[in-house]
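Architecture at a glance
Single-letter residue listing:
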Amino acid sequence: MVNSTTSLLTTARTKLEEYLLKKGLRRSLERFAILEEVYSRDDHFDAEDLYQAMHQRSFAVSRATVYNTLDVLVDCGLVRKNQFGDEDNTKSRFEKGLGRQQHAHLICVNCHRVIEFCDPRLQLIKTTVGDTMQFQVESHSLVFYGECADEECVARTKAATASASSNSMA
Ligand SMILES: [Zn+2]
Ligand SMILES: [Zn+2]
């Protein structure tokens, strides 16, 4: 059986190869190594996370190369760029673009966990609004902010600590 992650990466590599050729950009080893790192993860990372991960792989690339390659990958649709309005607004969060269903995000305001959800009604809204407003919708971004139910969430941890200390005071 073909490992789906491997075949996804193969497809991504071919796409990047074609894109770089078409644009007359250098097909450097670094770019393909960065692509491989991106396709090995399932999270929403920022450029710095990626830079650190490359160094952990002992693949020394400069921050400039990471930023530049991310731009290329976003341009050719291999990476999706998200702008989450969290406390550090300047950071873009990236995720792999191939083999992913259209999805929206839930973000916990306490632990900053990012949760994905799919709802077919979003597609319906897109077409209905597009038709009504006579507007060609190309993409959308939807983020819900709130509190997650994760046991590890810092809000829960804090609440637990608070009640524990108030108990000890009593
Ligand atoms: Zn996502
Ligand atoms: Zn949380």
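Note that the structure is predicted; figures quoted are calculated from it, not measured.

Below, the discussion takes up the UniProt feature "binding site: Zn(2+)" (unreviewed entry) in the protein chain. Cross-referencing UniProt, the feature "binding site: Zn(2+)" (unreviewed entry) maps to Cys108, Cys111 and Cys148 in the present numbering. The annotated residues occupy 41 residues of the chain but converge on a single region, no pair of C-alpha atoms lying more than 8.1 Å apart. In this structure Cys108 comes out as buried when scored by relative accessible area, which is 2%. Leaving out residues up to four positions away in the same chain, Cys108 has contacts with Arg113, Gly146, Glu147, Cys148 and Cys153. When its relative accessible area of 24% is taken as the criterion, Cys111 is described as partly exposed. If we skip the residues at most four places from it in the chain, Cys111 touches Cys148, Cys153 and Val154.

Here we come to the pairing of strand S2 (residues 93-96). Both faces of S2 are covered, namely the face carrying Arg93 and Glu95 and the face carrying Phe94 and Lys96. Bridge analysis of strand S1 (residues 79-82) against S2 gives four bridges, and the strand direction is antiparallel. By the bridge assignment for S2, Lys81 is matched with Phe94.

Viewed as axis vectors pointing N to C, helix H2 (residues 29-40) and helix H3 (residues 47-56) meet at an angle of 105°, and their least axial separation amounts to 10 Å. Of the possible angle classes, the one that applies to H2 and H3 is roughly perpendicular. In this structure, H2 uses Ala33, Ile34, Glu37 and Val38 to contact H3, whose residues at the interface are Leu50, Ala53 and Met54. Looking at the contact of H2 with H3, its residues break down into six nonpolar, no polar and one charged.

Criteria and cut-off values
Residues numbered from 1 in each chain as written. Chains lettered and ligands numbered in written order. Predicted model: local features only at pLDDT ≥ 70, side-chain atom pairs only at ≥ 80, totals over all residues. Heavy atoms only, no water. UniProt positions renumbered as here; feature names shortened; annotations may be inferred. Buried < 20%, exposed > 50% of the residue type's maximum accessible area, 1.4 Å probe, protein only. Contact = heavy atoms within 4.5 Å. Helix = DSSP H or I, 4+ residues; strand = E, 2+ residues; numbered from the N terminus. Pairing = 2+ DSSP bridges. Axes fitted to C-alpha atoms, helices over the stretch in contact; angles between N-to-C directions. Parallel < 35°, antiparallel > 145°, perpendicular 65-115°, else oblique. Nonpolar A, V, L, I, M, F, W, Y, C, P; charged D, E, K, R; others polar.

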